[in-house]
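# What the coordinates show
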Amino acid sequence: MTFIILNILLLQFRTIQILIFMKLNRPTKRVLCLMLSYSTIGLGFSNPSFAQTIKTFTVKTDKSIAKVEPNMWGVFFEDINFGADGGIYAELIKNRSFEFAKPLMGWSIYRNRQKEGEVLVVNRKEVNEANPRYLQVQRQTDDFELINEGFKGIGVKKGLRYDFSMMYRQPIPGVKMVLLLKAANNKVIAQTELTPLQTTGNNWQKQTASLTATETDPKAKFSIIFQGKGNIDLDMISLFPHDTWKNRPQGLRADMVQMLADMKPGFIRFPGGCIVEGMDLANRYQWKNTIGPIEDRKMIMNRWNVEFAHRPAPDYYQTFGLGFFEYFQLAEDIGSDALPILNCGMACQYNTGEVAALDELDPYVQDALDLIEFANGGINTKWGKKRAELGHPKPFNLKMLGIGNENWGPQYLERLAIFTKAIKAKYPEIKLINSSGTGPDGDRFELLNTALRTANADFIDEHYYKPADWFLKNAGRYDSYPRNESKVFVGEYAVHADSKIVGANRNNWESALAAAALMTGLERNADVVQMASYAPLFAHVDAWQWAPDMIWVDNLKVYGTPDYYVQKLFSTNKGTDVVSITTDAKNIIGQDGLYASAVTDKTTNELIIKIANTANQTQTIDLALDGKKKIKSKGFIDELENSNLNQLNSFDAPQAVGPKRIELSLKGKKLNLVLKPYSFNVIRIPFNS
Ligand code: AHR
């Protein structure tokens, strides 16, 4: 109440200010504007006024103070916000195998005359537990049409081929099928005919067809018109665009993978996130159910289906078309380390908190041991052989594994100890990621952080979703962390703007700039913080549950938020060695709103300096390079800046906040840099060899 009254008073005060301001003459207005620019109005950054002095930043170019791990900056992938099904997994048919709780969800049947029993969903769970339902069509009357609405429509591109496939059998042959793509206005924009083979008997067959679109439509639908007479059973009705990533049949959306590849991420954390834990144990992620023929991958409800009452997603399921083999393959494709996270015998503690009894943990632990064998084992081992059968005889070179996602409490520690003992006994080389709970402080964090450090954990996974000011204040968080103990993996983080800001609007420039400021602190402490990933990664504009997210997509397009460009600038400028950058012999963690870190890259022989200017004024810096190395005469700055902290990127303006390259002429060892207000700058300076 007090808060509301204060805000009303503040608003009235501001209105009076504006009215007085309008009456002033021009020079007075100018002076007032200048003064106002030294304070922020409700933007979250508290900008103190300070005098415009030129600051000197000293960089000790010759002395490496820490190594930067090659996989320092990675990505966090979870099937949230329709990131996998309906997102990067390019399947266009929703509920292709009729296994959703409502078996015909996503499908509609159009016919002139109703014939009872003509279309049935049949359940054969006694003989096919993984994929019990199929559609039985008994054709006797007029043609009828079966339409699939896709995931929030089907994105169709003019000139592109679409690949259809189905599993079927024909107890009584004679049915013919016309396959159509229809635009949102029902215009047919692709068409082909398919006559199923006559002689399937009782055996399931697969048949394919393709159709090419004559028009683009982001919200098309897919239709099958049944003609002729006869009986046909259908399952796994599937449609993929032909232009998948690496043209793999039934593969991934190329534009979304490309956004990841462009970041050159050091690792991919998968498959989550809370879906690892599940609402309850039955709903947990089980990797063994996600490999092999897609018709055998037993799908489950996605826990984000029901998580938020204000963002219900009743049609959100995990088909596991993007399963563990595909995750490993994706990591390999884009040169990243795979970082799987496994369930530790505990379901999400925000939901049921169901735990596996300690003396019944074996199957969970075995899943972890088998996963390591699946990734790294020789082809003569049980799981290595499976990997080879799936088309990858070479090991995936798994180096690390997460045990539990955001699990906490003594019950986590008990279960973790059992996992750790078993895994370290067989695979001592595998680094284990341990959870520190749901946030970076408080009793929950302290209990785990202390216990895990005592147990000499390899990595402690810290998560923080906090306001911009928290990020700025914590840019020095790791400066005082113990150096020779467990390492930190900042496995999920994002600046969460005011909760009144919703959806993609949360990924504003203020959030990204505050993240950049904190990330300079991660980089400066690369000996302690050895990995970090922003979260979540993807969101569909029509189907999200959680925001902010790094990359937003619709059915045809994709754009990177300002956060994407901050992340990309860090991961593509990671360097190999941290060097000291200070002002007045102190780390640069907010003096006059500036945050900085520096690395050298021994492979390219360059100095890379990152500076975030979170102040609303231009700042001039003298860079003093202290070291024997001489520099070349040309370098550049990649600059991200916007004077409006609320600036967003969008499909129409995907790089409203995007990097601009500015060439630098360099001379001697002193450089003068002008940093724009609200800017993040990556300065690359080549050394003379
Ligand atoms: O990133 C979104 C969610 O945030 C993750 O699933 C979970 O680990 C965290 O609470």
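Quick look at the structure, then. (Residues numbered from 1 in each chain as written. Predicted model: local features only at pLDDT ≥ 70, side-chain atom pairs only at ≥ 80, totals over all residues. Heavy atoms only, no water.)

### Description of the sheet that holds strand β35 (residues 670-675)
- Taken in spatial order, the five strands of this open sheet run β29-β28-β1-β32-β35, and their pairing is mixed. Single-partner strands in this sheet number two, and they are β29 (586-587) and β35. (Pairing = 2+ DSSP bridges. Helix = DSSP H or I, 4+ residues; strand = E, 2+ residues; numbered from the N terminus.)

### With respect to the pattern of salt bridges
- Per the stated rule, a full pass over the model turns up 39 salt bridges.
- Between D163 and R161 there is a salt bridge, and its shortest N-O distance comes to 2.8 Å.
- Notably, a salt bridge pairs R248 with D333, separated by 2.8 Å at the nearest N-O pair. Taken as a pair, R248 in the loop between β14 (230-241) and α3 (254-263) and D333 in helix α4 (residues 324-333) lie far apart in primary sequence, 85 residues in all.
- Residue R248 is classed as partly exposed on the basis of its relative accessible area of 26%.
- The network of salt bridges with common partners includes K94, E149, K152 and D315. (Salt bridge = Lys/Arg side-chain N within 4 Å of Asp/Glu carboxyl O. Buried < 20%, exposed > 50% of the residue type's maximum accessible area, 1.4 Å probe, protein only.)

### Brief notes about the pairing of strand β7 (residues 144-148)
- With five of five residues buried, β7 lies mostly within the body of the structure.
- Covered by surrounding structure in β7 are F144, L146 and N148 together with E145 and I147, the residues of both alternating faces.
- Both β7 and strand β13 (residues 217-227) contribute to a ladder of five bridges, which runs antiparallel. Of the residues in β13, the one forming a bridge with F144 is F226.

### Observations concerning the side chain of R477
- Considering the arrangement of structural elements, one finds R477 in the loop between α9 (468-473) and β22 (487-495).
- Within polar-contact distance, the side chain of R477 engages the backbone oxygen of P440 at 3.0 Å. (Polar contact = N/O pair within 3.5 Å; in protein donor to acceptor, adjacent residues only side chain to side chain.)

### Digging into the layout of surface pockets
- Its boundaries defined by the atoms lining it, the largest pocket holds a volume of some 490 Å³.
- If you trace the largest pocket, you find 25 residues lining it, with P249, Q250, I294, R297 and E326 closest to the centre.
- Within the residue set of the lining of the largest pocket, elements represented by two or more residues are β9 (161-172), β14 and α4.
- When residues in the lining of the largest pocket are grouped by element, the largest group, five residues, is from α4. (1 Å grid on protein atoms, 1.4 Å probe; cavity = no way out; pocket = protein on both sides within 12 Å on 5 of 7 lines; lining within 4 Å. Points joined across faces, edges and corners; volume = space filled by probe spheres on them.)

### A closer look at the site of the ligand
- Close contacts around the ligand come from F76, E78, G273, C274, W304, N405, E406, Y465, E492, P536 and W546, and that covers them all.
- A distance of 2.8 Å is found between an oxygen atom of the ligand and a backbone nitrogen or oxygen belonging to C274.
- Here an oxygen atom of the ligand sits 2.6 Å away from a polar atom, N or O, in the side chain of E492.
- The protein chains hide 96% of the 280 Å² of surface that the ligand would expose on its own.
- Considering only residue class, the shell around the ligand consists of six nonpolar, two polar and three charged. (Near = heavy atom within 4 Å. Areas by Shrake-Rupley, 256 points an atom, 1.4 Å probe, with all protein chains shown as cover. Nonpolar A, V, L, I, M, F, W, Y, C, P; charged D, E, K, R; others polar.)

### Here's the deal with the environment of L104
- Turning to its location among the elements, L104 is positioned in the loop between β3 (73-76) and β4 (107-111).
- Note on L104: relative accessible area 31%, which makes it partly exposed.
- With 17 residues separating them along the chain, L104 and V121 place their C-alpha atoms 8.0 Å apart.
- For L104, the residues in contact, after removing those within four places along its chain, are N95, F98, I109, V121 and L135. (Contact = heavy atoms within 4.5 Å.)

### Topic: the packing of aromatic side chains
- The final tally for this structure, using the stated rule, is 40 aromatic pairs.
- Taking 5.5 Å as the distance between ring centres and 35° as the angle between the ring planes, the aromatic pair formed by Y285 and F324 counts as tilted. Of this pair, Y285 sits in the loop between β15 (267-270) and β16 (300-301) while F324 is found in helix α4, placing the two residues 39 residues apart along the sequence. For the pair formed by Y285 and F324, the shared burial category is buried.
- Ring centres of Y464 and W470 lie 4.8 Å apart, and the angle between their planes is 50°; on these two criteria the pair is classed as tilted. No difference in accessibility class separates Y464 from W470, as the two residues are buried.
- For K386, the ring lying beneath its charged end belongs to W383, and the centroid distance is 5.2 Å.
- Its end group placed over the ring of F651, K557 keeps NZ or CZ at 5.0 Å from the ring centre. (Phe/Tyr/Trp six-rings, centres within 6.5 Å; stacked < 30°, edge-to-face > 60°. Lys NZ or Arg CZ within 6 Å of the ring centre and 35° of its normal.)

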